[in-house]
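This is what each chain is made of:
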Amino acid sequence: MAEKLLMIEHLNKSYDDLCVIKDMSLTVHKGEVVVVIGPSGCGKSTLLRCINGLEPVQGGRICLSGREIKHGSRDLPMLRQKIGMVFQSYELFPHLSIIDNITLAPLKVQKRKKEEVEEEALSLLDRVGLKDKARQYPRQLSGGQKQRAAIVRALCMHPEVMLFDEVTAALDPEMVREVLDVMLRLAQQGRTMIIVTHEMQFAKAVADRVIFVDNGEIIEEGKPAEFFKAPKTKRAARFLNIFEFSPVKAQN
Amino acid sequence: MNIEYMLKYLPLYEKAAVLTVTIGAEGILIAAAVGLLCAVVQYNRVPVLRQIAAVYIELSRNTPLLIQLFFIYYGLPKIGISTNPSVCGAVGLGFLGGSYMAEAIRSGLESIEPIQSESALSLGLKPYQVMRYIILPQAVSISMPAFMANIIFLLKETSVFSAISLMDLMFTAKDLIGLYYKTTESLFLLVIFYLIILLPVSLLGRLVERRLRYAGFGS
Ligand SMILES: Nc1ncnc2c1ncn2[C@@H]1O[C@H](COP(=O)(O)OP(=O)(O)OP(=O)(O)O)[C@@H](O)[C@H]1O
Ligand SMILES: [Mg+2]
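Here the structure is a predicted model, which means the values were calculated and not measured.

**A word on the site of ligand 1**
Residue and element names in this part refer to chain A.
Moving on, step 1. Neighbouring residues of ligand 1: 13 residues in total, closest Ser40, Gly41, Lys44, Ser45 and Thr46.
Moving on, step 2. Take Ser40: an N or O atom from its side chain is 2.5 Å from an oxygen atom of ligand 1.
Moving on, step 3. A distance of 3.0 Å is found between an oxygen atom of ligand 1 and a backbone nitrogen or oxygen belonging to Gly43.
Moving on, step 4. Against a free-state accessible area of 640 Å², the protein chains account for coverage of 59% of ligand 1.
Moving on, step 5. Per-element tally for the shell around ligand 1: the top contributor is helix H1 (residues 44-51), with three residues.
Moving on, step 6. Of the residues contributing to the shell around ligand 1, the split by class is five nonpolar, six polar and two charged.

Below, the structure written as structure tokens:
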């Protein structure tokens, strides 16, 4: 078994009285792709936000390579460099060109050399088909292009684990594919990723392990082939049914 | 109207205009700095400083510039701080303008979605870096129209400087009227000079606003 990279132990998270994550434990190994699925409001985004230290938690621990991720702690900026996060709404910085979006953190946070970072950024952009967009601004790009740029921005920090929160949910269908393809390639390269998605076919193809969350709890987890074919729990089966359609008119 | 009279006193007006613009610009710079400081302190909810900023803003917004100038001009020497009229003018204008600038920048700051900060934080930026590289640049461009409006407002407010015997445009006009009773000519020149100062600023403001509205970042 590969080394344990991310450990979540008995995580509890609530917003005021609303308990959103209940005693959740999850270990992610190096090179593993974990896909998190579950109904809307079950706490998937909250889980990712906790992993990134964006939320204070009420109990439990999250550790990356043995170092605890704690909201408000001093070494959080250090740890966050190792965690790449991609948001549903891209969250590129509108006042910076694409290349500046990508190189800002490597330059200001990691204090790397400008030529080296720009070279890497351009080569990464090239690989996602955006080399000619480097000097443009986010508003000049399509949704799919923005999201690919956002992925490159996270990649350029050389993260150890990447978090994806429904990164195709805001995209038109024909743009979904181009973003998913980029993620598939990352998986192929052996990157550690935690992916929240509603794209079931994609989940099947990319996941090493599928986690089904409902009401802030992991209800079921397993290999994608087994999980999607024959989920063990009723709740997961009911959830997967949402994505199936049967003909409604009699056919002859 | 007596053209000869107007030409004769034109240099006086020119000198006064330079003074108005100089002290006005100084005051506006102070106002921008104070405003930025207050807005950042309030946006980040810095304890104590935040309350101080709130009190200052109310005080500054709800008292007339004339009274503020009197306090600085006559009050400060009483507690042993010597001043001269030009410093008083700039500081007074800065005191008044700081609160208006603070409100302008603060509304810009608040219009930026928190998830922008989170996205920057997730890249490992420290909070002050998020402020400096991500939030402030966006907030300042969003506040630009309000900022420009404040500049015009503050330049007009300089007309009360004459009360602390600064020889600004207003002072010059009043002085000449008192001396020669050429009211029409004096006021005409006064209006012309204010227009010469304010129209370009106003046009610039329009330009900035249009650029922001129709183009946004990256044009
Ligand atoms: N800032 C917040 N304050 C209060 N409640 C919140 C906050 N953010 C999320 N919640 C609540 O926490 C629960 C989980 O939200 P979360 O965004 O994690 O769900 P999700 O699984 O990502 O859903 P979706 O698939 O719709 O994105 C929801 O009931 C939501 O209303
Ligand atoms: Mg979500």
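**A look at the nonpolar core**
Moving on, step 1. Membership of the largest hydrophobic core comes to 60 residues, with the highest contact counts inside it found for Tyr13(B), Leu109(B), Leu125(B), Ile134(B), Ile151(B) and Leu169(B).
Moving on, step 2. Those elements giving two or more residues to this core turn out to be helix H3 (98-108) of chain A together with helix H1 (3-43), helix H3 (65-78), helix H4 (85-110), helix H5 (114-122), helix H6 (127-157), helix H7 (169-180) and helix H8 (183-214) of chain B.
Moving on, step 3. Ranked by residue count, the leading element in this core is H6(B), at 13 residues.
Moving on, step 4. Among the nonpolar cores identified, the runner-up in size contains 50 residues, and Val35(A), Ile151(A), Met175(A) and Met193(A) belong to it.

**What about a positive patch on the surface?**
Moving on, step 1. A cluster of like positive charges, contributed by Lys108(A), Lys111(A), Lys126(B) and Arg132(B), occupies part of the molecular surface.
Moving on, step 2. Checked against the element boundaries, Lys108(A) lands in helix H3.
Moving on, step 3. For Lys108(A), a relative accessible area of 31% translates into the label partly exposed.

**Section: the pattern of salt bridges**
Moving on, step 1. Under the counting rule described, the total for this entry stands at 17 salt bridges over all chains.
Moving on, step 2. For Glu118(A), the salt bridge goes to Arg135(A), with nearest N and O atoms at 3.8 Å. With Glu118(A) in helix H4 (residues 114-127) and Arg135(A) in the loop between H4 and helix H5 (143-155), this pair connects stretches of sequence that are 17 residues apart.
Moving on, step 3. Looking at Glu118(A), the relative accessible area reads 16%, which means it is buried.
Moving on, step 4. We classify Arg135(A) as exposed; its relative accessible area is 54%.
Moving on, step 5. Beyond isolated ion pairs, a larger network of salt bridges with shared partners links Lys13(A), Arg49(A), Glu55(A) and Glu118(B).

**A look at unusual backbone geometry**
Moving on, step 1. You will see that Glu91(A), though not glycine, has its phi angle at about 55 degrees, which is positive.
Moving on, step 2. Its place among the elements puts Glu91(A) in the loop between strand S6 (83-86) and H3.
Moving on, step 3. Despite not being glycine, Val48(B) shows a phi value in the positive range, around 65 degrees.
Moving on, step 4. Here Val48(B) shows up in the loop between H1 and helix H2 (49-61).
Moving on, step 5. For Val48(B), a relative accessible area of 57% gives the class exposed.

Cut-offs applied
Residues numbered from 1 in each chain as written. Chains lettered and ligands numbered in written order. Predicted model: local features only at pLDDT ≥ 70, side-chain atom pairs only at ≥ 80, totals over all residues. Heavy atoms only, no water. Near = heavy atom within 4 Å. Polar contact = N/O pair within 3.5 Å; in protein donor to acceptor, adjacent residues only side chain to side chain. Areas by Shrake-Rupley, 256 points an atom, 1.4 Å probe, with all protein chains shown as cover. Helix = DSSP H or I, 4+ residues; strand = E, 2+ residues; numbered from the N terminus. Nonpolar A, V, L, I, M, F, W, Y, C, P; charged D, E, K, R; others polar. Core = buried A, V, L, I, M, F, W, Y, C linked by side-chain atoms within 4.5 Å. Buried < 20%, exposed > 50% of the residue type's maximum accessible area, 1.4 Å probe, protein only. Patch = residues over 30% accessible without salt bridge, like charges linked within 9 Å, V, L, I, M, F, W, Y side chains within 5 Å. Salt bridge = Lys/Arg side-chain N within 4 Å of Asp/Glu carboxyl O. Lys, Arg positive; Asp, Glu negative; His and termini not counted. Charge placed at Lys NZ, Arg CZ, Asp CG, Glu CD.

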